[in-house]
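Report on the structure
Letter by letter, the chains look like this.
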Amino acid sequence: MKSFLTVLLVAIVIYVLPLNVRPMSIPDESRYAEIPREMIVSGDWVVPHLNGLRYFEKPVMGYWLNGLSILAFGENNFAARLPSAVSTLLSAILLFLLAWKFTGDERKAILSAAAFLTCVEVFAIGVFNVLDGLFSMFVTAMMVSFFFALNETRDRQRNILLALCGASCGMAFLTKGFLAFALPAAGIIPYLAWERRIKEIFRLAWLPAIAAIAVILPWAILIHIREGEFWFQFFWIEHIRRFFAPLGKAQHAEPFWFFLPVLAAGVFPWLLLLPAAAAGIWQKGFSGNLTRFAACWFLSFFLVFSASTGKLGTYILPCFPPLMFLVVEGLLTHLQQGRSKLVFGTAV
């Protein structure tokens, strides 16, 4: 644990120090700073506004957290970017706890968190004022708490974990919308099918669903009362049309394979070790339940993001926690078996 705390302290320094160094970029960072600033000035924390105009592209959780940071630290770049940095660090902590609990190997847990924090895409988003870091953290909390619940034998503790899973889903929804429902379903159902536990989804799903609704409903009702057309705009325009739009008409339209080079660049410097990691996974197979869960988590998320016509490089951030666990798992297996021969033709 002391080693992990040291890693975390170093990460805090690395992630926090750059937050106030460079100017705010346009349009994304300035947008996600201006909307919460206008909430603070107007006192309206229900309807997002940008330059005085209603802004229905996203729900409010990201604006609320950025607004709280601005209230605490003032109107500056540090305050606007701090929620992204904190979210990235919390995702690393969740990954550490998941790996430590279910592998019993503190070294593997520390390396998984460290590998995640040192990926170039994770760092770039973690010091940038966008909502992807917050969304990824809530999704990670959702997946981690569900896996903990799935392996918990005590009823009370399992129910608490399932409620936490649902609350995390609700907060993910309030950050970026309906994708918060699609991603966990895409990751969890294949895993339960792989484990031959698919019938348990009917027993386990109701409590997270209630918790998610309890988190979402108050704001959902208020925004409907205030702005009756919000849900049509948000659901149909921002989700259905964006996801299924033809390639030539979609916003940020990219081909199906777009995220392959993005992922390759995003995992740098670990890209050079991917062949060795893949060899280790191949040697060991998917014998551990956490390894199988991470594989379903990563692959299903990646396919969901790839299926959408509209794509941005930041979207696949939720794929990184399970991927970096698999990378570390594969690398350690490869090294332990004394077969660390080649990484792109060079000895390791």
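Scroll up for the structure.
Residues numbered from 1 in each chain as written. Predicted model: local features only at pLDDT ≥ 70, side-chain atom pairs only at ≥ 80, totals over all residues. Heavy atoms only, no water.

**A closer look at empty space enclosed by the protein**
Taken as a whole, this structure holds 1 cavity of 30 Å³ or more when the rule is applied. Size it by volume and the largest cavity reaches roughly 40 Å³. For the largest cavity, the full set of lining residues is Ser87, Thr88, Ser91, Phe116, Val122, Gly133, Ser136, Met137 and Leu317. Broken down by secondary-structure element, the contributors of at least two residues to the lining of the largest cavity are α4 (77–103) and α7 (132–150). (1 Å grid on protein atoms, 1.4 Å probe; cavity = no way out; pocket = protein on both sides within 12 Å on 5 of 7 lines; lining within 4 Å. Points joined across faces, edges and corners; volume = space filled by probe spheres on them. Helix = DSSP H or I, 4+ residues; strand = E, 2+ residues; numbered from the N terminus.)

**Details of the packing of helix α15 (residues 289–307) against helix α16 (residues 320–336)**
To characterise two packed helices, one gives the angle between the axes of the helices and the distance between these axes. The interhelical angle for the contact between α15 and α16, taken along N-to-C directions, is 135 degrees, at an axis separation of 8 Å. With respect to α16, the axis of α15 lies oblique. Along this stretch, α15 crosses α16, giving a crossing that reads as left-handed. Side by side, α15 and α16 meet where Leu290, Thr291, Ala294, Ala295, Trp297 and Phe298 of the first sit next to Pro321, Pro322, Leu323, Phe325, Leu326 and Glu329 of the second. For the contact of α15 with α16, a count of residues per class yields 10 nonpolar, 1 polar and 1 charged. (Axes fitted to C-alpha atoms, helices over the stretch in contact; angles between N-to-C directions. Parallel < 35°, antiparallel > 145°, perpendicular 65-115°, else oblique. Left-handed = near helix turned anticlockwise from the far one by under 90°. Contact = heavy atoms within 4.5 Å. Nonpolar A, V, L, I, M, F, W, Y, C, P; charged D, E, K, R; others polar.)

**Description of helix α1 (residues 2–16)**
The first and last C-alpha atoms of α1 sit 21 Å apart over 15 residues, in line with the 21 Å expected at 1.5 Å per residue. Along α1, the residues that are buried comprise Phe4, Leu8, Ala11 and Tyr15. Buried residues of α1 fall within an arc of 60 degrees about the axis and therefore sit on the same side. Counted as exposed and oriented over 90 degrees from the buried face of α1: Lys2 and Leu9. Of the surrounding elements, those touching the buried residues of α1 are α4, α5 (106–117) and α6 (120–126). (Expected span 1.5 Å × (residues − 1). Buried < 20%, exposed > 50% of the residue type's maximum accessible area, 1.4 Å probe, protein only. Arc of directions from axis to C-beta.)

**Some details on unusual backbone geometry**
Isoleucine 26 connects to proline 27 through a cis peptide bond whose omega is 10 degrees. You can see proline 27 is positioned in the loop between α1 and α2 (28–42). A cis amide bond links phenylalanine 268 with the next residue in sequence, proline 269, at an omega value of 10 degrees. If you trace the backbone, proline 269 turns up in the loop between α13 (259–266) and α14 (274–284). The backbone phi angle of asparagine 51 is positive, close to 55 degrees, even though this residue is not glycine. Relative to the assigned elements, asparagine 51 resides in the loop between β1 (49–50) and β2 (53–54). Positioned with a positive phi, arginine 196 is a non-glycine residue whose angle comes to about 60 degrees. Relative to the elements of secondary structure, arginine 196 occurs in the loop between α9 (179–194) and α10 (201–204).

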